[in-house]
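Structure assessment
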Protein chains: 4
Amino acid sequence: ACVVSAPKNLQSYEKNNLQKSIQIGVLGASGYTGSEIVRLLANHPYFGISVMTADRKAGQSIASVFPHLITQDLPNLVAVSDADFSKVDAVFCCLPHGTTQDIIKALPGSLKVVDLSADFRLRDTAEYEEWYGQPHRAPELQKEAVYGLTEILRREIQNARLVANPGCYPTSIQLPLVPLLKANLIEYSNIIIDAKSGVSGAGRGAKEANLYTEVAEGIHAYGVTRHRHVPEIEQGLSDVTESKVTVSFTPHLMPMSRGMQSTIYVQMTSGVTVDDLYEHLKIFSENEEFVFLLEKGVIPHTRNVRGSNYCYMNVFPDRIPGRAIIISVIDNLVKGASGQAIQNLNLMMGYPENTGLLYQPLFP
Amino acid sequence: ACVVSAPKNLQSYEKNNLQKSIQIGVLGASGYTGSEIVRLLANHPYFGISVMTADRKAGQSIASVFPHLITQDLPNLVAVSDADFSKVDAVFCCLPHGTTQDIIKALPGSLKVVDLSADFRLRDTAEYEEWYGQPHRAPELQKEAVYGLTEILRREIQNARLVANPGCYPTSIQLPLVPLLKANLIEYSNIIIDAKSGVSGAGRGAKEANLYTEVAEGIHAYGVTRHRHVPEIEQGLSDVTESKVTVSFTPHLMPMSRGMQSTIYVQMTSGVTVDDLYEHLKIFSENEEFVFLLEKGVIPHTRNVRGSNYCYMNVFPDRIPGRAIIISVIDNLVKGASGQAIQNLNLMMGYPENTGLLYQPLFP
Amino acid sequence: ACVVSAPKNLQSYEKNNLQKSIQIGVLGASGYTGSEIVRLLANHPYFGISVMTADRKAGQSIASVFPHLITQDLPNLVAVSDADFSKVDAVFCCLPHGTTQDIIKALPGSLKVVDLSADFRLRDTAEYEEWYGQPHRAPELQKEAVYGLTEILRREIQNARLVANPGCYPTSIQLPLVPLLKANLIEYSNIIIDAKSGVSGAGRGAKEANLYTEVAEGIHAYGVTRHRHVPEIEQGLSDVTESKVTVSFTPHLMPMSRGMQSTIYVQMTSGVTVDDLYEHLKIFSENEEFVFLLEKGVIPHTRNVRGSNYCYMNVFPDRIPGRAIIISVIDNLVKGASGQAIQNLNLMMGYPENTGLLYQPLFP
Amino acid sequence: ACVVSAPKNLQSYEKNNLQKSIQIGVLGASGYTGSEIVRLLANHPYFGISVMTADRKAGQSIASVFPHLITQDLPNLVAVSDADFSKVDAVFCCLPHGTTQDIIKALPGSLKVVDLSADFRLRDTAEYEEWYGQPHRAPELQKEAVYGLTEILRREIQNARLVANPGCYPTSIQLPLVPLLKANLIEYSNIIIDAKSGVSGAGRGAKEANLYTEVAEGIHAYGVTRHRHVPEIEQGLSDVTESKVTVSFTPHLMPMSRGMQSTIYVQMTSGVTVDDLYEHLKIFSENEEFVFLLEKGVIPHTRNVRGSNYCYMNVFPDRIPGRAIIISVIDNLVKGASGQAIQNLNLMMGYPENTGLLYQPLFP
């Protein structure tokens, strides 16, 4: 505690989770998206964390799992089966895909749920089975689930009980492409996406491939043509074009903990210019708190959104006539996961979507 | 702007700098400590930035110099000579040593000043001349200056007009050592400090030695026995022991942008145990908002305070009987510079010192 | 020296530069490509370094500029104007573009020259002027210059006196594309190249943009559509297709010191399959010492060629029917610069091109 | 293969492992020290690899486990129990401690063995049991084992059959300290060692603590007072001083894959000066191929020995009268492991110890 009494400022928010108006449960608090929810909620005026689950770490303090969270006054971790949801209003579900469907199915129907896994992102359960190698275990919940790309589906999210929070790649890709496809400014064929992600996207699981020695000072593509975010991206784009979109998508693993860039190569509709694309993205972003179209010619850097919920984007002429290059950057753990999840729950609870999310980017 | 109206939350702070009760000037806003002041003040309830100077970038927007600050509504950069201080209540001075003395001398005497340079840290102007190779240009101001190690000199800071903000190394070293020396628990002879710093401590100046290619994937000591933070450390420790302390201090440059660790090897006073040290640091830190003594045996990591104003510390038995090892970690740009500067101005202005500083550490 | 007498092994090569059969001059030894030439030649059986120039560091030892070269017995740095070329057989020119043309023009015509700058890569001097903003200062030498992409122009290089060593991006891009275009297996329109480079490609000059703090933990594109390697790439591809090729080329700066990946998105000629591409690249690489086509499905990593002259490549099906994804990786300082330069001089001097170049990749 | 016929140069070494005069087995080739042996031997004139074991990867090619080794013509991995040692002359044992004792015990007595594990480093088997928590399983072999710190025990190593290769920390620490203690230039009490290591020292095992996201952009101490290299260091120093030495040793994990620095704080014997230390280390290193004492005042950087078998060191005055600061740097995988192992086997086989080890440091 501090020697000086707390003013009506951030601190009052932080210290008294239980006095906040909305009680939150974080399922899977021992992973990076879970801990990021906890970090971001520390200064949220209305959301207080009263339940945190982590089956393998049940009984431990969050500080023993994530020492950077030691400064907050938080409940200990419990097994999800032991969690008491009687006083909980909403949960963030940060669990692996597959098990998530069973767990959300078992939650009280009164709870608002934002699910950060992939389990409710694909409307077509057959497609889920194809890409995830197992049948969907909660098809009826799938019908109810709303896809949580806030800037695109704001109204639906406001009325949702279960929101499927988008993947990081799909967020960085759809934010610029959906408005441009809606306006028929770009062709939906031959969309080529070269994406680069920080390592935190792979989670905290101990895998040889994610060791410092295997990742530092190099780059490599992975999941070429087979990455599980492909159907999510194509679903989102196809909804706009009303015809099946097939994209070229190649993700790369980068030696950085946070950050994601999508470099998108598109064919403009005949007669359309890069200025047309720029003007349209300007209109789209003008009213968005978290989307920034940079000045013409300025290149977005992932470093400049680190730790924040912002998406920076810009569009450039290609040397090949009729083509354009779109670059968008986000922090994969914030706008690509936990930040957007809070943005969605803000809407679901009737608060301004930027509530508690105005963290500035951390640079350098 | 956001589609939803601003609630009484972070946003209201951010948007209307000019409506905040205290108007702030940031001198030298184009460097890392200056931009960090701007980042941290974004969510401060009372401090609003109305003047930012950067002589070589005068006329530019801060966003063109630091794109991560694009989200804030801030004045353009001006030359310090063109700055209008008529409506300014306090300034953070983030300029290089030397010139700083002249510039602060020229400021209206009514302004509260927190100086982040080394120009007013050494009470003995002869020592300043010895270590900085030039005579002190404002000896009278030096007499007035208060050393801004908040946890140690809180009362003096509350009444100060000009505060000399401590260096990053001296902060990480004095926070654990001053209480232990005060209590006569450790000897002041043979204090050996092996410190490790992130690269941002070297500033944003273009130097070959700080290129990515020269720093990544390696470590090296620098300024062995000659680092300019030595007299500041020895002044602080000597004040407590009331006899001249000479420390062994070896800083190392690390491949990380932020973060600082001091590993301190001390001789305990005869009869004193490591538990005695631990208990005393516990009492010291218990009432401190920003100082955390970790549980016994838990090792502080710089990553766990990144981006925050916290200092984590712990003490360990050495294999050599009678000796102990103290480890303290901070973010060199926050508790080691801009965060502590805001903590100090909060006190000087009569606000709780934690006001606007409760950013959680960013991990990973 | 070693306590044991030197055997007929690596050491004998290293110690007696002057006794080696070919005497080498390194012009611009204080940059990264120059120091890499010196590193690689340490174990070359026939090439000995007798002259090293660096105008701003004239008089200094190479070890004072590059401490990692302290182990070799090398001459001190001299200004190029003071260099004695009377006993020199060949030079590697590692100077900035522009000045290079004057300096090579002034060299004795008897010297074999491998130029690592961009000054003699573009046959069309008008194109040089367009992209480099200054007229070509040695058009007659340009006529004589041979482009040094070893695997493609081996015979011409063997008979050349002046070789223009390719840029790093053009090397990684042309090695897979030239054979495929020659065989008419891919279309030359809509070739989209997303390239990623380590920071050493930017040289050792002190620039803010290349500071550790500006590069670490992030990625950004640069020189979008305007990178100076574009005309070199298009020249090389147009030579094969016999019609003007316009490529989409977007380079990205990565937080790694060495390494380069080009991810290339191509349209296959109608009826052609990815297997056809694979089989053709297999035939191309089978007889190449330094080009490896990985097993089907195996993704090249830049880490796996670090410090070596090898190029790893592979080809993958795209989700978009008729398209393929080609990935090639090199070390930008070795196969992308100094290693290929030595490979070329080996040929020019009648030695096997792999002589002294069989360094294994350094991993991790 | 190369289009040009192979000269009597590096290549001939590489290609025909089986034609080399000494046949080598590498036990545990799927770890970092094993793969480093393979990398370094690629250009060794006399040592050819004919057996490589890796129980869990038995049947696979080394290239599938370490793609950077694809360029060499090597046998597939086999289980150690299936290995045919009939044609093998010597083995490098790169296995975990514990199992190593059983495996070496079971090897044909005719084989020369260099063991890179900790299993034979401690002469006192009781001490082994104390620090490794299990009884020594081959005490009789322990009697025969020679400690392989080449520069200090060269003669014993030349006549050894089983060499216990030193740990990385003990190598970097003993190389400067042993000569100084032998000459009574420093006190053996109050030796304080602050060491920093790259992550590869932790091996390739999948551990959460070694993930990129857990290691990048930060530093932390580990194993404070309890690191298993302590008894090895104290054994080596005590042998010289002929009285039990107790050191203060604090290792730190750094965000770098390779490299190790030991910063050593010592008390000089009364009347001794830093110049005396420097002159003595100069004499010690003058005849050593792999040990370099830098010019006075020049600070060793780990980057400058990366990938090489060199140790750079220097000595500096401390601010505390009578004390000195010694800094030594090595590549933990080369001089700290696999490079020194080859240096030792060279001696055991009667070859110059530098044979095949003259790789230059890789910088940047």
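Please read all numbers here as calculations on a predicted model, not as lab measurements.

As a further point, take the UniProt feature "domain: Semialdehyde dehydrogenase NAD-binding" (unreviewed entry) in chain A. UniProt feature "domain: Semialdehyde dehydrogenase NAD-binding" (unreviewed entry): in the numbering of this structure it lies at residues 23-160 of chain A. Each end of residues 23-160 of chain A is marked by a C-alpha atom, and these two atoms are 18 Å apart; helix forms 33% of the span and strand 17%.

Here we take up the environment of Gln72 of chain D. Counting through the fold element by element, Gln72 of chain D comes out in the loop between α3 (62-65) and β3 (77-78). Here Gln72 of chain D falls in the buried class, since its relative accessible area comes to 9%.

Another aspect to go through is the sheet that holds strand β9 (residues 220-221) of chain B. Residue and element names in this part refer to chain B. Read from one edge of the open sheet, seven strands run β9-β10-β8-β11-β14-β13-β12, paired in mixed fashion. A strand with exactly one partner marks an edge of an open sheet, and here the two such strands are β9 and β12 (291-293). Note: strand β8 (residues 192-197) against strand β10 (residues 248-253), six bridges, orientation parallel. Directly across from Asp194, in β10, lies its bridge partner Thr250. Along the sheet, helix α8 (residues 168-182) makes contact with β8, β10, β11 (260-267), β13 (311-317) and β14 (323-330), crossing β11 at roughly 35°.

All names here are of chain B. Strand order in this open sheet of seven strands is β3-β2-β1-β4-β5-β7-β6, and the pairing throughout is parallel. Taken across any chain shown, the strands that pair with only one partner, and hence form the sheet edges, are β3 (77-78) and β6 (146-147). Here strand β5 (residues 112-115) runs beside strand β7 (residues 162-164); their pairing, made up of three bridges, is parallel. Looking at the pairing, Val113 lines up with Leu162 of β7.

Residue and element names in this part refer to chain A. Contact geometry of helix α8 (residues 168-182) with helix α10 (residues 230-241) gives a least axis separation of 10 Å together with a crossing angle of 15°. Considering the angle they form, α8 stands roughly parallel to α10. Seen from above, α8 lies across α10 with right-handed handedness. Where α8 abuts α10, its residues Pro170, Ile173, Gln174, Leu177, Val178, Leu181 and Lys182 lie against Glu232, Ile233, Gly236, Leu237, Val240 and Thr241. Here the residues of the contact of α8 with α10 are counted per class, giving eight nonpolar, three polar and two charged.

Moving on to the interface of chain B and chain C. Each partner contributes to the interface: chain B provides 19 residues, whereas chain C provides 19 residues. Counting the surface lost from both chain B and chain C, the interface buries some 1600 Å², and carbon and sulfur atoms represent 55% of this. By the criterion of area lost to chain C, the three top residues of chain B are Leu211, Tyr212 and Thr213 of chain B, representing 40% of everything that side buries. Arg204 of chain B serves as the salt-bridge partner of Glu214 of chain C, at 2.9 Å between the closest nitrogen and oxygen. Scanning the region where chain B abuts chain C turns up 13 residue pairs in polar contact (both at pLDDT 80 or more). The dominant element in the side of chain B that touches chain C, judged by the number of residues it contributes, is helix α9 (residues 212-215) of chain B, at four residues. Residues of the side of chain B that touches chain C, tallied by class, amount to nine nonpolar, five polar and five charged.

Bringing the packing of aromatic side chains into the picture now. Within the structure shown, the criterion is met by 44 aromatic pairs over all chains. Where Phe290 of chain D meets Tyr310 of chain D, the ring centres are 5.6 Å apart and the plane angle is 55°; that geometry is what we call tilted. Linking Phe290 of chain D in the loop between α11 (274-286) and β12 (291-293) with Tyr310 of chain D in the loop between β12 and β13 (311-317), this pair joins segments that are 20 residues apart in sequence. Each member of the pair, Phe290 of chain D as well as Tyr310 of chain D, carries the same accessibility label: buried. One Lys or Arg, Arg39 of chain B, reaches over the ring of Tyr359 of chain B and ends 5.5 Å from the middle of that ring.

Residues and elements named next belong to chain A. Here strand β4 (residues 90-93) runs beside strand β5 (residues 112-115); their pairing, made up of four bridges, is parallel. Bridge assignment links Val91 to a residue of β5, and that residue is Val113. Chirality of the crossover, the property in question, places the unit of β4, helix α4 (residues 99-106) and β5 among those that are right-handed.

The next thing to look at is the state of the cysteines. Scanning the model with the defined rule gives zero disulfides over all chains in all. The thiol sulfur of Cys168 of chain C is not disulfide-bonded, and the nearest other cysteine sulfur, from Cys311 of chain C, lies at 13 Å. Cysteine Cys93 of chain D remains unbridged, with the sulfur of Cys94 of chain D as its closest cysteine sulfur at 6.8 Å.

For the pair chain B and chain C, the superposition axis carries a translation of 0.0 Å, the fit reaches an RMSD of 0.0 Å, and the rotation angle comes to 180°. Here the two chains are linked by the operation of a two-fold rotation axis. Comparing contact sets, 100% of the residues at the interface of chain B also lie at the interface in chain C, consistent with an isologous, same-surface contact.

What follows concerns the domain arrangement of chain A. A common way to state how big an interface is: give the accessible area lost once the parts meet. Residue and element names in this part refer to chain A. Looking at the assigned domains, one finds that chain A contains domain 1 (13-166 + 336-348) and domain 2 (169-331). Using only C-alpha atoms to locate each centre, domain 1 and domain 2 end up separated by 25 Å. Contacts between domain 1 and domain 2 engage 24 residues on the former and 28 residues on the latter. Interface area, domain 1 with domain 2, both sides summed: about 2300 Å², of which 48% is carbon and sulfur. In this assembly, domain 1 and domain 2 are joined by four salt bridges. Its salt-bridge partner being Arg121, residue Glu232 comes within 3.3 Å of it at the nearest N-O pair.

Scoring rules and cut-offs
Residues numbered from 1 in each chain as written. Chains lettered and ligands numbered in written order. Predicted model: local features only at pLDDT ≥ 70, side-chain atom pairs only at ≥ 80, totals over all residues. Heavy atoms only, no water. UniProt positions renumbered as here; feature names shortened; annotations may be inferred. Helix = DSSP H or I, 4+ residues; strand = E, 2+ residues; numbered from the N terminus. Buried < 20%, exposed > 50% of the residue type's maximum accessible area, 1.4 Å probe, protein only. Pairing = 2+ DSSP bridges. Contact = heavy atoms within 4.5 Å. Axes fitted to C-alpha atoms, helices over the stretch in contact; angles between N-to-C directions. Parallel < 35°, antiparallel > 145°, perpendicular 65-115°, else oblique. Left-handed = near helix turned anticlockwise from the far one by under 90°. Nonpolar A, V, L, I, M, F, W, Y, C, P; charged D, E, K, R; others polar. Buried area = accessible area lost by both parts, 1.4 Å probe. Salt bridge = Lys/Arg side-chain N within 4 Å of Asp/Glu carboxyl O. Polar contact = N/O pair within 3.5 Å; in protein donor to acceptor, adjacent residues only side chain to side chain. Phe/Tyr/Trp six-rings, centres within 6.5 Å; stacked < 30°, edge-to-face > 60°. Lys NZ or Arg CZ within 6 Å of the ring centre and 35° of its normal. Right-handed = clockwise from strand over helix to strand, strands pointing away. Disulfide = S-S within 2.5 Å. Least-squares fit on C-alpha atoms with pLDDT ≥ 70 in both. Domains from an automatic or database assignment.

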